[in-house]
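Residues per chain, in single letters:
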Amino acid sequence: MEENSRPLDALNAARNKTVLIDLKNGLQYLGKLKAFDIHINVVLDEAEEQKDGETKRKLGTVFIRGDAITTISPA
Amino acid sequence: MEENSRPLDALNAARNKTVLIDLKNGLQYLGKLKAFDIHINVVLDEAEEQKDGETKRKLGTVFIRGDAITTISPA
Amino acid sequence: MEENSRPLDALNAARNKTVLIDLKNGLQYLGKLKAFDIHINVVLDEAEEQKDGETKRKLGTVFIRGDAITTISPA
Amino acid sequence: MEENSRPLDALNAARNKTVLIDLKNGLQYLGKLKAFDIHINVVLDEAEEQKDGETKRKLGTVFIRGDAITTISPA
Amino acid sequence: MEENSRPLDALNAARNKTVLIDLKNGLQYLGKLKAFDIHINVVLDEAEEQKDGETKRKLGTVFIRGDAITTISPA
Amino acid sequence: MEENSRPLDALNAARNKTVLIDLKNGLQYLGKLKAFDIHINVVLDEAEEQKDGETKRKLGTVFIRGDAITTISPA
Amino acid sequence: MEENSRPLDALNAARNKTVLIDLKNGLQYLGKLKAFDIHINVVLDEAEEQKDGETKRKLGTVFIRGDAITTISPA
């Protein structure tokens, strides 16, 4: 990443890669990053919901509303 | 979904299909996705409210305010 | 409702009909939908406030601020 | 109220009348509605603060910030 | 106050007078109203912080961020 | 401060002076006010974090996001 | 930092340096500041998540949504 990069460049670099998304409610979503927008609304494919490191649900595709998110990191 | 798709494309693809919507207050709404807008305000048909996997109410049509939503996934 | 309908169309179809509105604070308002706007500010007539399915107050007309609302459904 | 009325019309009709305002923090304000704006910022005259139906404070005039409000109804 | 007054007119009338400001976190600030803006950001002079009616701190001047405020009333 | 001053004038007058900033999460930051903007994002120098009046961390420079702040007062 | 500097200048000065970011949910992120924008969305490299001073996770790159952040300080 070069010096004056913007935060969304990092999301763009993660497209089609597996990311782990943490939500304000303590849930986590693991999946392949397919889409995002400036509100940080996100779509994951092959997603699963986790709590305390354990898989709770297999979701396939999931749309996550941006304002529910705290962090997004490569898994 | 192609590489530069936007999050709302995923919602558009789910139109008239059954989705499960999770809210910040822990409730879930299962129903057929009839409408949504850029605020992620959503309308479901043949909807039911669930808590901890159990059906609480049959609702028919339900309007869900976008800022109450965390995730939307195909059911 | 046709395929490309918008969420506010569903509210428009509910005008002058009885709806049940759920708030983020757990209260519910049952009444006839008289008015709404793009913020989902709502006015009900012949309204009553409910908690856990029990009527708490008869309110006549009530203005509900949009950002307090989670869902609106026909009663 | 006619069919296509807007929510703020209901507030306008309540000007100079006694209203009860519920806040997100559980407090209630009873008083004469003197002013409001599109943010639902409100000014009451001859106001009192109530909790669980009991008067806590006599306030005279009170300015209430709109985003603290859940409902406004005629008293 | 005349019929079509706006909420900020009430704040303007309270300039240089002592007001009591209630915050969402339950704290209260008593002081002379020196300045406010459309976000309801406020500056008090000769201010003190109170909790449950007891003075906690003497603050001199205090800037209060608007979105932390629920009510402002003359003291 | 003159009669029609604005809230940010008070912050401007506090530039390079020591201020105490209270956050919504109950933490306090004491330091020299170096910068602020219309969102009330703030930068302090020679800052320390306090909880219940006790110093928790020496921070040097700290950027504080405006929407986390409740009050700013001269120390 | 000169007298009329803006808060984002402080973030700019911290680019490529190690910072500690505190979130509203009590978690902390330590890492090299690679990018930020006006919403205070941030990207850290070589990041780790901490709770109560203990490392919980090594994250590599992490995107942090601005509205989840309370403070950013050099580590």
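In this text the structure is predicted, and so the values were computed from the model without any measurement. (Residues numbered from 1 in each chain as written. Chains lettered and ligands numbered in written order. Predicted model: local features only at pLDDT ≥ 70, side-chain atom pairs only at ≥ 80, totals over all residues. Heavy atoms only, no water.)

Engineer: I would appreciate a short explanation of the layout of surface pockets in the present structure.
Structural biologist: Roughly 510 Å³ of internal volume is contained in the largest pocket. Considering the residues around the largest pocket, the lining is formed by 23 residues, among which Arg65(B), Asp67(B), Arg65(C), Gly66(C) and Asp67(C) are closest to the centre. Taken together, the residues of the lining of the largest pocket sort by class into six nonpolar, nine polar and eight charged. Lining the second largest pocket are 14 residues; nearest its centre among them are Asp67(A), Arg65(F), His39(G), Arg65(G) and Asp67(G). Of the residues belonging to the lining of the second largest pocket, the class tally is three nonpolar, four polar and seven charged. (1 Å grid on protein atoms, 1.4 Å probe; cavity = no way out; pocket = protein on both sides within 12 Å on 5 of 7 lines; lining within 4 Å. Points joined across faces, edges and corners; volume = space filled by probe spheres on them. Nonpolar A, V, L, I, M, F, W, Y, C, P; charged D, E, K, R; others polar.)

Engineer: Looking at this model, I keep getting lost on the interface of chain G and chain F. Mind explaining?
Structural biologist: Many descriptions give the size of an interface as the accessible area lost when the pieces come together. Tallying the contact residues gives 23 residues for chain G and 22 residues for chain F. Counting the surface lost from both chain G and chain F, the interface buries some 1700 Å², and carbon and sulfur atoms represent 56% of this. Where chain G meets chain F, there are two salt bridges. Across the pair Asp67(F) and Lys24(G) runs a salt bridge, and its minimum N-O distance is 2.7 Å. Linking chain G with chain F are six residue pairs in polar contact (both at pLDDT 80 or more), by the criterion used here. Those elements that place two or more of their residues in the side of chain G that touches chain F are α1 (7-13), β1 (18-23) and β5 (69-74) of chain G. Ranked by residue count, the leading element in the side of chain G that touches chain F is β5(G), at six residues. (Contact = heavy atoms within 4.5 Å. Buried area = accessible area lost by both parts, 1.4 Å probe. Salt bridge = Lys/Arg side-chain N within 4 Å of Asp/Glu carboxyl O. Polar contact = N/O pair within 3.5 Å; in protein donor to acceptor, adjacent residues only side chain to side chain. Helix = DSSP H or I, 4+ residues; strand = E, 2+ residues; numbered from the N terminus.)

Engineer: It is not clear to me how the relation of the copies chain G and chain F should be interpreted in this structure. Could you clarify?
Structural biologist: Each of the two copies of the chain can be brought onto the other by a rotation about an axis and a shift along it. Note on the copies: chain G fits chain F at an RMSD of 0.0 Å, the axial shift is 0.0 Å, and the rotation between them is 51 degrees. Little of the interface of chain G is mirrored in chain F, where only 4% of its interface residues are also at the interface. (Least-squares fit on C-alpha atoms with pLDDT ≥ 70 in both.)

Engineer: What is the right way to look at the interface of chain B and chain C in this model?
Structural biologist: Each side of the interface is counted separately: chain B has 22 residues, and chain C has 23 residues. Both faces combined, the contact of chain B with chain C buries some 1700 Å², and carbon together with sulfur accounts for 56% of it. When the area that chain B buries against chain C is broken down by residue, the three leading residues are Arg57(B), Phe63(B) and Arg65(B), summing to 37%. Taken together, chain B and chain C are joined by two salt bridges.

Engineer: What is the right way to look at the arrangement of the chains in this model?
Structural biologist: Chain F makes no contact with chain C, the minimum C-alpha separation between the two being 18 Å. Contact between chain D and chain G is absent, and the minimum C-alpha spacing across the pair is 18 Å.

Engineer: Hey, could you run me through the confidence of the model for chain A in this one?
Structural biologist: Detailed reading of the predicted coordinates is not advisable wherever pLDDT is low. Per-residue pLDDT for chain A has a mean of 94; in total, 95% of the residues score no lower than 70. Confidence metrics for the complex model read pTM 0.95 and ipTM 0.94. (pLDDT = per-residue confidence, 0-100.)

Engineer: Hey, could you run me through the relation of the copies chain B and chain C in this one?
Structural biologist: Note on the copies: chain B fits chain C at an RMSD of 0.0 Å, the axial shift is 0.0 Å, and the rotation between them is 51 degrees. An overlap of only 5% is found between the interface residues of chain B and their copies at the interface of chain C, pointing to separate contact surfaces.

Engineer: Help me understand the pairing of strand β3 (residues 42-51) of chain F in this model?
Structural biologist: Residue and element names in this part refer to chain F. Here β3 lies mainly inside the structure; eight of its ten residues are buried. Between strand β2 (residues 28-36) and β3, which pair antiparallel in sequence order, lie five residues; one of them, Ile-40, sits at a positive phi of approximately 70 degrees. Sheet topology places β3 next to strand β4 (residues 54-64); eight bridges connect them, and they run antiparallel. Note that in β4 the partner of Glu-48 across the bridge is Lys-58. Where β3 folds back on β4, the antiparallel hairpin that results is connected by two residues, among which Asp-52 adopts a positive phi of roughly 50 degrees. (Buried < 20%, exposed > 50% of the residue type's maximum accessible area, 1.4 Å probe, protein only. Pairing = 2+ DSSP bridges.)

Engineer: What should I look at first to understand the side chain of Asp37(B) in this one?
Structural biologist: Here Asp37(B) shows up in the loop between β2 (28-36) and β3 (42-51). One buried charged residue, Asp37(B), forms no salt bridge at all, with the nearest opposite charge on Arg65(A) at 7.5 Å. In this structure the side chain of Asp37(B) is engaged in a polar contact, spanning 3.0 Å, whose partner is the backbone nitrogen of Asn41(B). Those residues in contact with Asp37(B), other than ones at most four positions away along the chain, are Leu8(B) and Pro7(C). (Lys, Arg positive; Asp, Glu negative; His and termini not counted.)

Engineer: Can you help me understand the pattern of salt bridges in this one?
Structural biologist: Going through the model one piece at a time under the given rule, you end up with 49 salt bridges over all chains. A salt bridge links Asp22(E) to Arg57(D); its shortest N-O distance comes to 3.3 Å. Here Arg57(D) lies in strand β4 (residues 54-64) and Asp22(E) lies in strand β1 (residues 18-23), a pairing that spans two chains. Salt bridges linked by common partners bring Asp22(A), Glu49(G) and Arg57(G) together as one network.

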